Amino acid sequence: MQITLPQEVQHILYTLHKQHYQTFIVGGCVRDSFRGKAPMDWDITTAAPPEVVMASFPKTIPTGIKHGTVTVVLPGGHYEVTTFRVDGKYENHRSPQDIIFTQDVTEDLARRDFTMNAIAYHPELGVIDPFGGRADIEKGLIRCVGDPMVRFDEDALRMLRAVRFSAQTGFSIHEDILSAMQRLSGLLTSISSERVRDELLKTLLSDRPENIIHLQTTGILAVILPELSRCFSVEQNIKYHIYDVGRHSIEVMRHTPKTSVLRLSGLLHDIGKPDKKTTDEDGVDHFKGHDVRSTELADEALTRLRIDNKTKDDVLRLIRHHDRRIEASKKSVRRLAASVGPDLFTSLIGLQRADTHGQNPDLLHERLAHYDAIEKLWEEITADADALSISDLAIRGGDLLELGYQGKEIGKLLSAALDYILDHPEKNSRSFLLGWIQKQ
């Protein structure tokens, strides 16, 4: 198979090749090319030492010079070029203590995680595939280079990468990998929260986010998200549900639009249910107050994963309001939008739609039609520019100062005015509101 390379990549390959240093594209770009996918980036590996690479191009950046990586800056972009290497002993189940440069590309490929990522290619030298990666790509199989126990002991993050790749590619994970993940799941306590977060988000934002079920079956979820892991043992004996809380959460998450906020909200929206479960005399389960408890636990989990504050705030607002029932009336829509925030109302409806998909399919059509009606009302409300927050009112705090009101009283009056206008949007005028306030 001939892989079409960008001109800049060809330039790098042939510049180093002319100096008698074997140079190849490697890893994800080869894997994606064999899958018929356009590579997102192009990684290059070479026998040339880093100092030769830097001397061979006008502009370079020593981005990872300790590990042999130099970024070559060309008009068409930035390209990482890494010298063939053999890794030394790994420390903390994440990174090698040292490396040794080599002239043998096979030795370099042998240190890589999965066979599909251990393939090199050069237009003239062809495909270098010592571990059967191309055959595994054709089979749709994720398999380690060598013993999975060794690979994961070296770098525990590879376990999360296996699940992420399965979610992105649709490939199956070899049973030897799943077995090793189950035995070594505890090693992930050695991995930084930021690394775990990045792999988790890539999985959630894939086309098959439901593949995170592998994290539960191997015990990894109990290490990185114990709040969610425990939900798989909580049944829901209620007419609206057919799944346990954990499986329901995955179903909801996979039906949300592909954004970090909604995927995280779907995954975590019910993690408080185990703490709030009660069963009545008829054997029906109830989870009163789980929205508040879920918000508390999600806050802890998102903080631990170092999720950025904006995303965390949005997720927590959605979880706090996800169980709010809403009538198909403009008054009800305005009030819920004011509570969650107009900026998140569409996302909240998206989450509630997804929540319905994760429940009893016999009730799906009727409940989705309800959300269709709500979205139509929301379009009308936004088209009419109805007031949904204090900043939307026709009066300001300064207007009340001029009337002699002071301090906290001003805030209370503005809140009361908004509460009134949510039900009577046509009354949002300066003259009416000032007169209304003076009558209070």
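Everything here concerns the structure above.
**Student:** What is the right way to look at the overall build of the protein chain in this model?
**Tutor:** When its secondary structure is counted, the protein chain shows 23 helices and 15 strands. For the protein chain, whose C-alpha radius of gyration is 28 Å, the value lies well above the compact-globule estimate of 22 Å for 440 residues. Once the C-alpha set of the protein chain is aligned to its principal axes, its extents read approximately 90 × 60 × 35 Å. Each of the 440 residues in the protein chain was classed as buried or not, and the buried ones make up 50%. Total accessible area on the protein chain is roughly 20300 Å²; 48% of this is exposed by carbon and sulfur atoms. For the protein chain, the distance from the average site of its 55 positive side-chain charges to the average site of its 64 negative ones is 2 Å.

**Student:** Would you mind showing me how to read the pattern of salt bridges here?
**Tutor:** Side chains that differ in charge, positive against negative, can pair when their charged atoms come close. For the structure shown, the criterion picks out 38 salt bridges. Across the pair Asp32 and Arg35 runs a salt bridge whose closest N-O atoms are separated by 3.8 Å. Of the residues examined, Asp32 reaches a relative accessible area of 11% and is grouped as buried. Take Arg35: its relative accessible area is 23%, and that puts it in the partly exposed class. Asp423 is paired through a salt bridge with Arg335; the nearest N and O atoms lie 3.1 Å apart. With Asp423 in helix H22 (residues 407-423) and Arg335 in helix H18 (residues 330-340), this pair connects stretches of sequence that are 88 residues apart.

**Student:** Just checking my understanding: could you explain the sheet that holds strand S3 (residues 60-64) for this structure?
**Tutor:** Sheet strands pair by backbone hydrogen bonding; their relative direction is either parallel or antiparallel. Read across the open sheet, the seven strands follow the order S3-S4-S5-S2-S1-S10-S11; overall the sheet is mixed. Lying at the two open borders of the sheet, with one neighbouring strand each, are S3 and strand S11 (126-128). Across the sheet, the mean angle from the axis of one strand to that of its neighbour is 35 degrees, orientation sign disregarded. Of the pairings in the sheet, the one linking strand S2 (residues 43-46) to strand S5 (residues 77-83) comprises three bridges and is parallel in character. Within S5, the position partnered with Thr45 by the bridge is Thr82. In the packing of helix H1 (residues 7-17) onto the sheet, contacts are made with strand S1 (23-26), S2, strand S4 (69-74), S5 and strand S10 (120-122), and the angle to S1 comes to roughly 145 degrees.

**Student:** Would you explain helix H9 (residues 193-204) in this entry?
**Tutor:** An α-helical segment advances 3.6 residues per turn. Residues three or four places apart therefore align on the same side. Here H9 spans 16 Å end to end across 12 residues, near enough to the 16 Å set by a 1.5 Å rise per residue. Along H9, the residues that are buried comprise Val196, Arg197, Glu199, Leu200, Leu201, Thr203 and Leu204. Close packing links the buried residues of H9 with helix H7 (157-169), helix H10 (213-217), helix H11 (221-224), helix H13 (245-254) and helix H14 (260-268).

**Student:** What is the right way to read the environment of Ile142 from this model?
**Tutor:** Among the structural elements, Ile142 can be located in strand S12 (residues 141-142). It is 7.2 Å that separates the C-alpha atoms of Ile142 and Ala162, two residues lying 20 residues apart in sequence. Ignoring sequence-local partners within four residues, the contact set of Ile142 consists of Phe114, Met116, Ala162, Phe165, Ser166, Phe171, Ser172, Ile173, His174 and Ile177.

**Student:** Sorry if this is basic, but what is going on with the layout of surface pockets here?
**Tutor:** Taking a probe equal in size to a water molecule and rolling it over the atoms shows the remaining empty space. Of the volumes computed, that of the largest pocket is approximately 1800 Å³. Together, 48 residues line the largest pocket, and Asp43, Asp113, Arg161, Arg164 and Phe165 are the ones closest to its centre. The set of elements that each furnish at least two residues to the lining of the largest pocket consists of helix H2 (28-34), S2, S4, S5, strand S6 (85-87), strand S8 (95-96), H7 and H9. Element by element, the count of residues in the lining of the largest pocket is highest for H7, at seven residues. In the lining of the largest pocket, the residues fall into 12 nonpolar, 13 polar and 23 charged. What lines the second largest pocket is a set of 16 residues, among which Ile238, His241, Lys273, Asp323 and Arg325 lie closest to the centre. Taken together, the residues of the lining of the second largest pocket break down into three nonpolar, six polar and seven charged.

Conventions used here
- Residues numbered from 1 in each chain as written.
- Predicted model: local features only at pLDDT ≥ 70, side-chain atom pairs only at ≥ 80, totals over all residues.
- Heavy atoms only, no water.
- Helix = DSSP H or I, 4+ residues; strand = E, 2+ residues; numbered from the N terminus.
- Rg over C-alpha atoms; globule rule 2.2 N^0.38 Å.
- Buried < 20%, exposed > 50% of the residue type's maximum accessible area, 1.4 Å probe, protein only.
- Areas by Shrake-Rupley, 256 points an atom, 1.4 Å probe, with all protein chains shown as cover.
- Lys, Arg positive; Asp, Glu negative; His and termini not counted.
- Charge placed at Lys NZ, Arg CZ, Asp CG, Glu CD.
- Salt bridge = Lys/Arg side-chain N within 4 Å of Asp/Glu carboxyl O.
- Pairing = 2+ DSSP bridges.
- Axes fitted to C-alpha atoms, helices over the stretch in contact; angles between N-to-C directions.
- Contact = heavy atoms within 4.5 Å.
- Expected span 1.5 Å × (residues − 1).
- 1 Å grid on protein atoms, 1.4 Å probe; cavity = no way out; pocket = protein on both sides within 12 Å on 5 of 7 lines; lining within 4 Å.
- Points joined across faces, edges and corners; volume = space filled by probe spheres on them.
- Nonpolar A, V, L, I, M, F, W, Y, C, P; charged D, E, K, R; others polar.

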